[in-house]
Amino acid sequence: MFQSLRSKILSIYIFLILLICSIAAVSVLSLYNLNRAIDGLIESNYRSIVAATNMINAMERQDSNQLIFLQVNEEKGRSAFTNNEKEFFIWLGKAKDNITEEDEAEILDKIEMNYIKYLKYFSKLQQIKASGRERDAIAFYDNEIYPVFHSVKDACMGLSDLNERAMFRSKEKATVSSRNQMYSIIAFSLFLISFGLFVALYFINKTMKPMHMLISGVKSIKEGNLNQEIQISTQDEIGQLASEFNNMTKRLWQYEQSNIKSLIAERNKSLAIVKSISDPIIVTDNQYQVTLVNKAAETVFDISEQKVTGKHFLEVISNNSIFDEIKRITDGNEFANASNNLVTIIKKEKKYFYLLAVTSILNNDNQTIGTVSVLQDITHMKEVEDLKSNFISTVSHELRTPLTSIIMGAGLLLDGISGELNPGQKEIVEAMDEDGTRLMAIVNDLLDLSKIESGKMYMNLQQTSIYALVESCINPLLDIAKEKGIRLFDLVSKDIPLIYLDSNKISYVMNNLITNALKFTDRGGEIKISAKVENQLLKVSVKDTGIGIPKEYHELIFEKFTQVESESKNQGGTGLGLAITKEFIKKHNGDIWVESEPGEGSNFIFTLPLDRG
Ligand code: ADP
């Protein structure tokens, strides 16, 4: 049966109120009884004392009346005596109606008996007086009447004492009784309070228990333990809450189960994709332990995923260049979370080339928790490239000897060694000489490039003054600049510190940049060469006021055979100069870029690290 929480609390409340009421009722009742008992006792005793006192007073007055009768006025004494007699009997009657104590009736009988005797004596006294025997009358009063008077008075006082003592006894009794009542009330209250407390605690515990169960259920859900049911059988609101709670956890559990299933399915799908990718993939955690390798990686490194999972990378694959890269990315900061490197793997005495891309795996807080290394097989591309380079190198080399003799031959002919040439012949030979020289430059550039690409380029680093280097580059070009009407400014200061560099290569760079500037700047323009030190880097700039370069070419012009469309094609050139320049700068661990807008001139800037020595 449904019993609401409110009615339960109300029942406890009513129960407690009933307890308090019963304590109050018992206390009031016992106080009332006590009061009544004391009142009854004291009142009746008090009435007897008053009666006794009034009887004494009446008798004392009668005693005086007798003396008046004897010595002053007979008539007056007698009538006053009779009045007081009436008074005495009234109080005696009252005392008789109010007998409460043992012995009291006996004392009253004695009083009555003696008083009647006293009255009789007074009659006798009157007779004696009437007979004129004054002296006898006085003697009778002294000897007979007075002792009776005293005995009645004493008996009255005895009555008063008896009642007084009874009053004290009543008071004593009342005190004891009230104390006992007090103890009983305290004991009863204590009993009821403990009983009430016990019952209230029992009910509160019974009501709170499901609440605690609910709280611990909610806590355990918070910890992710969804598969649970709270056993609460109460029929109140908490019971209802518990059953709703159980419904909710059941649904959450089902939802989580279906989510886990779909997550597992998704994970398996992703895993299958990763496994089937033809490029080797290795996943490591931030302890450099292998957590996943795909089939391609198993084949390339001759390993099996089962055996290598959980092992340190170097234990599994003894390739330091891959490991160094993984370590760099794992330990690196936010700027080093991906990389591309060329890796060589020798397998069955054959060299394979892979492009290694290591990417960091980040958690929600952007912390690296591992890496994914993907190796792209570029062996074939590399072989083709090498073949091309070798071919170019061989062809260039082979072309150099015949070209030299053509240029030399043309020179000799122009010098008139085989007789003076006529103007037509001279023009033809000059053109041969010019084209031959240009071809020679191209061949030399191609040779340089193939040397760089095949790794046969050696660096001859020496402490060099950039000031002197720029000066030696500019000097031969001053005449050409003058001829073209271009002002050439050398703004490099003598104070620039010495720097370790290969002077032939950096001369080539300077030469290329200045001749390009001269080529692409119109008459009246100017070229400024400057250098400064910034952040441990030497920064050299060749700035012209020439035709400028569109933004889309800023990167491309550093590639082989790239020239900006239109005008530059007419300037001849091979499109190799900046490619070689870039390679030379890279060899020095430097960087090169261009800042330019079409029609606004160009500023070629390259940097070289100062701290190589
Ligand atoms: P080349 O000068 O032999 O063509 P480069 O590699 O030196 O080869 O230059 C590539 C191209 O870059 C040039 O053809 C030209 O289009 C552009 N370029 C280089 N320097 C400048 C410059 N200072 N002003 C404008 N264009 C330039």
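Residues numbered from 1 in each chain as written. Predicted model: local features only at pLDDT ≥ 70, side-chain atom pairs only at ≥ 80, totals over all residues. Heavy atoms only, no water.

(A) Representation of the site of the ligand within the structure. The ligand sits among 20 residues. The nearest are Asn 516, Asp 544, Gln 563, Val 564 and Leu 578. Lys 519 has a polar side-chain atom sitting 3.0 Å from an oxygen atom of the ligand. Between the ligand and Gly 575, the relevant distance is 3.2 Å, taken from an oxygen atom to a main-chain nitrogen or oxygen of the residue. Here the ligand, which alone exposes 530 Å², has 98% of that area covered by the protein. Most atoms of the ligand, that is more than half of them, are within 2 Å of grid points of the largest pocket. Among the elements of the structure, α13 (503-519), α15 (577-587) and β12 (602-609) are those that each provide at least two residues to the shell around the ligand. Looking at the shell around the ligand, the element that brings in the most residues is α13, giving four residues. (Near = heavy atom within 4 Å. Polar contact = N/O pair within 3.5 Å; in protein donor to acceptor, adjacent residues only side chain to side chain. Areas by Shrake-Rupley, 256 points an atom, 1.4 Å probe, with all protein chains shown as cover. 1 Å grid on protein atoms, 1.4 Å probe; cavity = no way out; pocket = protein on both sides within 12 Å on 5 of 7 lines; lining within 4 Å. Sits in = over half its atoms within 2 Å of the grid points. Helix = DSSP H or I, 4+ residues; strand = E, 2+ residues; numbered from the N terminus.)

(B) The arrangement of the packing of aromatic side chains in detail. Summed over the entire model, instances satisfying the criterion amount to 18 aromatic pairs. Ring geometry for Tyr 202 versus Phe 203: centroids 5.7 Å apart, planes at 75°, classification edge-to-face. Overall, the relative accessible area of 48% leaves Tyr 202 in the partly exposed class. The exposure class assigned to Phe 203 is partly exposed, which follows from its relative accessible area of 37%. One aromatic cluster is present, formed by Phe 69, Phe 81, Phe 88, Phe 89, Tyr 115, Tyr 118, Phe 122, Tyr 141, Tyr 146 and Phe 149 through successive ring pairs. For Lys 505, the ring lying beneath its charged end belongs to Phe 584, and the centroid distance is 6.0 Å. (Phe/Tyr/Trp six-rings, centres within 6.5 Å; stacked < 30°, edge-to-face > 60°. Buried < 20%, exposed > 50% of the residue type's maximum accessible area, 1.4 Å probe, protein only. Lys NZ or Arg CZ within 6 Å of the ring centre and 35° of its normal.)

(C) Representation of the pairing of strand β1 (residues 281-285) in the model. Taking burial as the measure, the five residues of β1 include five buried ones, the bulk of the element. Residues Ile 281, Val 283 and Asp 285 of β1 are buried on one face, and the alternating residues Ile 282 and Thr 284, pointing to the opposite face, are buried as well. Where β1 and strand β5 (residues 368-377) come together, five bridges link them in antiparallel fashion. Its bridge partner being in β5, Val 283 is matched across the sheet by Val 372. For β1 and strand β2 (residues 290-293), the ladder comprises three bridges, and the chain directions are antiparallel. Bridging across to β2, Val 283 finds its partner in Leu 292. Here β1 folds back onto β2 in antiparallel fashion, the turn holding four residues, of which Tyr 288 has a positive phi close to 60°. (Pairing = 2+ DSSP bridges.)

(D) Inspection of the packing of helix α11 (residues 423-453) against α15 at higher detail. Close contact between α11 and α15 brings their axes to 10 Å; oriented N to C, the two are set at 35°. Relative to α15, α11 is oriented so that their crossing is left-handed. Of the residues in α15, those touching α11 at Asp 445, Asp 448, Leu 449 and Ile 452 are Ala 579, Ile 580, Glu 583 and Phe 584. Taken together, the residues of the contact of α11 with α15 sort by class into five nonpolar, no polar and three charged. (Axes fitted to C-alpha atoms, helices over the stretch in contact; angles between N-to-C directions. Left-handed = near helix turned anticlockwise from the far one by under 90°. Contact = heavy atoms within 4.5 Å. Nonpolar A, V, L, I, M, F, W, Y, C, P; charged D, E, K, R; others polar.)

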